[in-house]
Amino acid sequence: MSDADTAAPAQPQDFIREIVAADVAAGKNGGRVVTRFPPEPNGYLHIGHAKAICLDFGVAGEFGGYCNLRFDDTNPVKEDVEYVDSIKDDVKWLGFEWHEREYYASDYYEQLYGFAETLIRKGLAYVDSLSADDIREHRGTLTEPGKDSPYRTRSVDENLDLFRRMRGGEFPDGAHVLRAKIDMRSPNITLRDPVLYRIRHAEHHRTGNAWCVYPMYDFAHPLSDAIEGVTHSLCTLEYVDHRPLYDWAIEHTRTEARPRQYEFARLNLNYTVMSKRKLLQLVEQKHVNGWDDPRMPTVSGLRRRGYTPESIRDFCARVGVAKKENVIDVGLLEHCVREDLNRRAPRAMAVLRPLKLVLTNYPEGQSEEFAVANHPDNASLGSRRVPFSREIYIERDDFMEDPPKKFFRLAPGREVRLRNAYLVTCTGVIKNAAGEIVELRGTYDPATRGGDAPDGRKVKATLHWVSAANAIDAEIRLYDRLFTTEDPDGSAAKTGADFTSLINPQSLEALKGCKIEPSLANAASGSRYQFERQGYFCADPDSSAGKPVFNRTVSLKDSWAKAS
RNA sequence: UGGGGCGUGGCCAAGCGGUAAGGCGCCGGCCUUUGGAGCCGGUAUUCGAAGGUUCGAAUCCUUCCGCCCCAACCA
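In this text the structure is predicted, and so the values were computed from the model without any measurement.

Asks: Looking at this model, I keep getting lost on the state of the cysteines. Mind explaining?
Replies: Following the criterion strictly, the structure yields zero disulfides and no others. Here Cys514 is not disulfide-linked; the sulfur of Cys538 is the nearest cysteine sulfur, at 16 Å.

Structural data, given as structure tokens:
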């Protein structure tokens, strides 16, 4: 086998990595690779950001470069330190390190301001005193060219004077704006004299009241990249039209650094929404319990739900990087956690909807313990003691009085296995006055201790169970997709309804009085388990001493549920 | 009726002129003290459409069709 054969990349190749590899091979930027992840601190990170993070940090890492964490904090009225803190937590949790490379566009305000004056001196920027409405009107439309502002021909001196006075706080919000002088008739609307600076008498979360003029994204972003020596500035497709402006800003202010912008398609997931505006609305209108509600597609929501950073990174790798608009099936995300947790999560038993089974031939007052492996395929996860006694809880769904042909579980007269315990046979069904099943009677076969029948007899089902005398009560929260429709954005737009009307009323079902095995009594918040035959669960921070709360991350695949 | 991006199986996605990778899903089978996991096999005569170039086209050319983005002093 040649070296090339063994050097298969763990990370799939994509057009971005191809470009970077070619640049490195050609010796561009001295072979250096610097990327950046540039969130605006105006909301929490979501799974779409995770894709960008994996790309930005991934590419940098693979080529021996750096990825800067840069907060694009140029709009003080929308931003907040709460968001910068959460963003840092989330990036770290996802497993990425920016070391000391934590930057803020606001750190560059002075330099950026200087670049703006440079532009003015070159006659490439001017102060416009049109109102916002008038600017919009002068901009033209998609099919009609724009018109020059009457202020477009102001002299350099007048522009400089006005701009300095803007900075000095002489004017109210909206009185003037600094604009690039490019081309009001450009077919690319982005180039119709874009606004570079606006007046905002607002307190900034980092610079306080030091400034009252703030740069726009199209000005701050390319120049921040240049200042930091970024080589490859990766962003999403909606910025393709902005690339000429990105290049323009750098060409006319800086010449040393020459970052290039490349665009890829953002991640979309079905059965959820991804826009920050909509996620904010869900939080503010209390449709969910905060940004980290386990139903949210936010990184913090997925974390609380029980997703692992590994599974999210794996998901991002599998989804790929391309330029085609895409809608990824949330089933792939679920597959990724299942695969990860199947390998790592210790097993335990929990009964979600308990039904008592009394083993009439098991001596009253007697009890015993079984040593049970914590993982069927990984002995290094150890084992634990699980108590057993005369009365146990089984899952209500695991019993049917009149079972259909393909139902293999417990039924009157039928023998099944209690996992790691005994073979038991149902001998009686006890109902209340309303005819509802309230309890089962059965017998166990003492010769089958551990769950094996010495005579080789087979049973068609194995049930999970919890000893009634030792069971701990728990709350278990089951989650379903947040929306009833695959494309809440599109469906809502079509009918004119608000997307919140499509929220799945069953997206959260909190089960109280679940019975869990005693080893789970003090599960640490954030610890993950597979509850056998049911799914993966994660202890929620709402847990308190003796009152555990679990979130279902994802159910196990269930071919019986699918068939029935 | 302007400019830009994109069209490969249900969802993603390789492919870069030599005769359709892979993953998810789905369908079978084996195995199983989780109807889980694991293992094995199947799942596009065809690449938005139509022409053209070529011995040969998903890949090149032409035209057409469809979807998405852009008219914030948001990012």
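What follows continues from the structure just given.
Asks: Can you help me understand the domain arrangement of chain A in this one?
Replies: You'll often see interface size given as the accessible area lost when the parts meet. The domain boundaries assigned to chain A delineate domain 1 (4-264), domain 2 (276-346 + 474-563) and domain 3 (350-464). Counting from both sides, the interface comprises 22 residues of domain 2 and, opposite them, 23 residues of domain 3. Of all residues in domain 2, Lys515, Arg533 and Trp560 bury the most surface against domain 3, accounting for 36% of the area lost on that side. Inspection of the domain 2/domain 3 interface yields four salt bridges. Residue Glu532 is joined to Arg419 by a salt bridge in which the shortest nitrogen-to-oxygen separation is 2.3 Å. If you look at where domain 2 meets domain 3, you find nine residue pairs in polar contact (both at pLDDT 80 or more). Going through the elements one at a time, α13 (330-344), β21 (472-479) and β22 (508-516) are the ones with two or more residues in the side of domain 2 that touches domain 3. For the side of domain 2 that touches domain 3, the element with the most residues is β22, which contributes six residues. Residue composition of the side of domain 2 that touches domain 3, grouped by class: 11 nonpolar, four polar and seven charged.

Asks: What's the story with the protein's contact with RNA strand B in this structure? I'm lost.
Replies: Taken together, the neighbourhood of RNA strand B is formed by 67 residues, with Arg200, Arg347, Phe408, Arg419 and Gly450 sitting nearest. Close to the protein, within 4 Å, the atoms of RNA strand B are drawn from sugar and phosphate at a rate of 63%. Within the side chain of Arg419, a nitrogen or oxygen atom sits 2.4 Å from a sugar or linking oxygen of RNA strand B. Arg533 has a polar backbone atom sitting 2.7 Å from a base oxygen of RNA strand B. If you list the elements that add at least two residues to the surface near RNA strand B, you get α6 (132-138), β6 (195-199), α12 (309-319), α13 and α15 (559-563).

Asks: Sorry, what's going on with the side chain of Ser149 here?
Replies: Take Ser149: it is sitting in the loop between α6 and α7 (156-167). Separated by 2.8 Å, the side chains of Ser149 and Asp128 make a polar contact. With residues up to four places along the chain from it excluded, the contact list for Ser149 reads Tyr126, Asp128, Leu130, His138 and Arg179.

Asks: Got a minute to help me understand the packing of helix α5 (residues 109-121) against helix α8 (residues 217-228) in this structure?
Replies: Axes are the key here: two packed helices are described by the angle between their axes and the distance separating the axes. Interaxial distance between α5 and α8 falls to 11 Å at its minimum, and their mutual angle equals 110 degrees. When the axes of α5 and α8 are compared, the pair comes out roughly perpendicular. As α5 packs across α8, the resulting crossing turns out to be right-handed. For the pair formed by α5 and α8, the contact residues are Gln111, Leu112, Phe115, Ala116 and Leu119 on the first element and Phe219, Ala220, Leu223 and Ile227 on the second.

Definitions and limits used
Residues numbered from 1 in each chain as written. Chains lettered and ligands numbered in written order. Predicted model: local features only at pLDDT ≥ 70, side-chain atom pairs only at ≥ 80, totals over all residues. Heavy atoms only, no water. Disulfide = S-S within 2.5 Å. Domains from an automatic or database assignment. Contact = heavy atoms within 4.5 Å. Buried area = accessible area lost by both parts, 1.4 Å probe. Salt bridge = Lys/Arg side-chain N within 4 Å of Asp/Glu carboxyl O. Polar contact = N/O pair within 3.5 Å; in protein donor to acceptor, adjacent residues only side chain to side chain. Helix = DSSP H or I, 4+ residues; strand = E, 2+ residues; numbered from the N terminus. Nonpolar A, V, L, I, M, F, W, Y, C, P; charged D, E, K, R; others polar. Near = heavy atom within 4 Å. Axes fitted to C-alpha atoms, helices over the stretch in contact; angles between N-to-C directions. Parallel < 35°, antiparallel > 145°, perpendicular 65-115°, else oblique. Left-handed = near helix turned anticlockwise from the far one by under 90°.

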